Amino acid sequence: MNELPICMKIDEYLLICVCTGSQLLFLVTGNGQFWRNVYTDRDLQSLKTQSTMTVEQYKYKLLSALKLYPTDPQFTVERLGSSLQILWSKEVKKGIQVKFGTLSLPVSESPTQNIQEVVEALAHQVRQLNEQNSRVMEEHEKFRKIADVAVKKYDQLVADTEAREGILLKHFVEVLNEKKRKIAELQGSQTSHTLHGASLTKDTSEPEPLAKSFASEDSLNDGEELLPKIPRTSKSVLSRAFPTRRGGKSKTVKSVPKLPGTSSCSATNASLDELLDSL
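Source: prediction; values computed, not measured.

1. Observations regarding the overall build of the chain
Here comes step 1: The number of helices and strands found in the chain is 5 helices and 7 strands.
Here comes step 2: Moving toward the C terminus, one meets the helices and strands of the chain in the order β-β-β-β-α-α-β-β-β-α-α-α.
Here comes step 3: Looking at the chain as a whole, 21% of its 279 residues are labelled buried.
Here comes step 4: Taking the intrachain contacts of the chain between residues at least 6 apart in sequence as the baseline, contacts between residues at least 24 apart amount to 42%.
Here comes step 5: Carbon and sulfur atoms form 57% of the exposed surface of the chain, whose accessible area is close to 21800 Å².

What follows is the structure, encoded as structure tokens:
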């Protein structure tokens, strides 16, 4: 865990905190005196006896609280003999104060050595930050080159796509014009054939003469009726058409003598009546 050095003023004391690896170096100066102490993970473990946080969480919370001072004052300084006590607490509710720990810093006998130690810690921090910055710059340069190559490929793909779209559009226009030309030719040929056929077509059919529905009075003889004439049938034809039902003998129709004064139609009707009676 590497954090930037923290410099803050609590009352009339100047506090400097430097994080180097797993250690926290505290140096406080005031009234011409120096107090110094180094806290390791084991020391921080003993400080958080009343907290359920891990050592890393406790360290992170402590440094965050130091950065927020004096916006969120959570530290007070007290003199206890020759040592200096830094109390870390916070008021969660009105009248309720939660204590997170107390940092004890003994008086330093060699202020020059303490200042040199702080300077060395700061120089170490600067070197680490420079190394991190160099790595970040190298990665940034690598990503920038990759981005440039990707942008060039993208531009090339866009140009190729536009060129292909132009070619396809040109072919489409040519095909569309050809289709329109063929459709116009077909429509023109159909129109010409229709007009030519209509000019050659004539109504050559003649109306058939109307059948006479009624016979004239001159064509009718005395005593004749308007009935269709039925041709006489020979005996052999009648015998084949109407065989006898009993005895296996066929009945023949005797010719009826024609009565004087009757028409041929009346004789035909009489022969039909006799034929029907014999069936």
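There is more to say after this.
2. Concerning the sheet that holds strand β2 (residues 13-20)
Here comes step 1: One open sheet holds the 4 strands; their spatial order is β1-β2-β3-β4, and the pairing between them is antiparallel. Every other strand in the sheet has two partners, leaving β1 (6-10) and β4 (33-39) as the edge strands with one partner each. Each adjacent strand pair in this sheet contributes to an overall mean axis angle of 15 degrees, direction not counted.
Here comes step 2: In the sheet, β1 pairs with β2 via 5 bridges, with the strands oriented antiparallel.

3. Topic: the pairing of β4
Here comes step 1: Here strand β3 (residues 23-30) pairs with β4 via 7 bridges, running antiparallel. For F26, the partnering residue across the bridge sits in β4 and is N37.
Here comes step 2: Remark: 2 residues form the turn of the hairpin made by β3 and β4, two consecutive strands paired antiparallel; N31 in that turn has positive phi of roughly 60 degrees.

4. Focus on the sheet that holds strand β5 (residues 75-80)
Here comes step 1: Strand order in the open sheet formed by 3 strands is β5-β6-β7, with antiparallel pairing between adjacent strands. Of all strands in the sheet, those bounded by a partner on one side alone are β5 and β7 (96-105). Strand-to-strand twist across the sheet, computed as the mean angle between neighbouring axes with direction ignored, equals 25 degrees.
Here comes step 2: Note that strand β6 (residues 83-93) and β7 share 9 bridges and pair antiparallel.

5. Describing the UniProt feature "coiled-coil region" (unreviewed entry) in the chain
Here comes step 1: As recorded in UniProt, the feature "coiled-coil region" (unreviewed entry) lies at residues 112-146.
Here comes step 2: Between the C-alpha atoms that bound residues 112-146 the distance is 51 Å, and the span itself is 100% helix and 0% strand.

6. Considerations on the pairing of β2
Working note: regular strand, side chains alternate between the two faces of the sheet.
Here comes step 1: Between the end of β1 and the start of β2, which pair antiparallel, lie 2 residues, with D11 showing a positive phi angle near 55 degrees.
Here comes step 2: Judged from the 7 bridges that link them, β2 and β3 form a sheet pairing that is antiparallel. Within β3, the residue paired with I16 across the bridge is L27.

What counts, and where the lines are drawn
Residues numbered from 1 in each chain as written. Predicted model: local features only at pLDDT ≥ 70, side-chain atom pairs only at ≥ 80, totals over all residues. Heavy atoms only, no water. Helix = DSSP H or I, 4+ residues; strand = E, 2+ residues; numbered from the N terminus. Buried < 20%, exposed > 50% of the residue type's maximum accessible area, 1.4 Å probe, protein only. Contact = heavy atoms within 4.5 Å. Areas by Shrake-Rupley, 256 points an atom, 1.4 Å probe, with all protein chains shown as cover. Pairing = 2+ DSSP bridges. Axes fitted to C-alpha atoms, helices over the stretch in contact; angles between N-to-C directions. UniProt positions renumbered as here; feature names shortened; annotations may be inferred.

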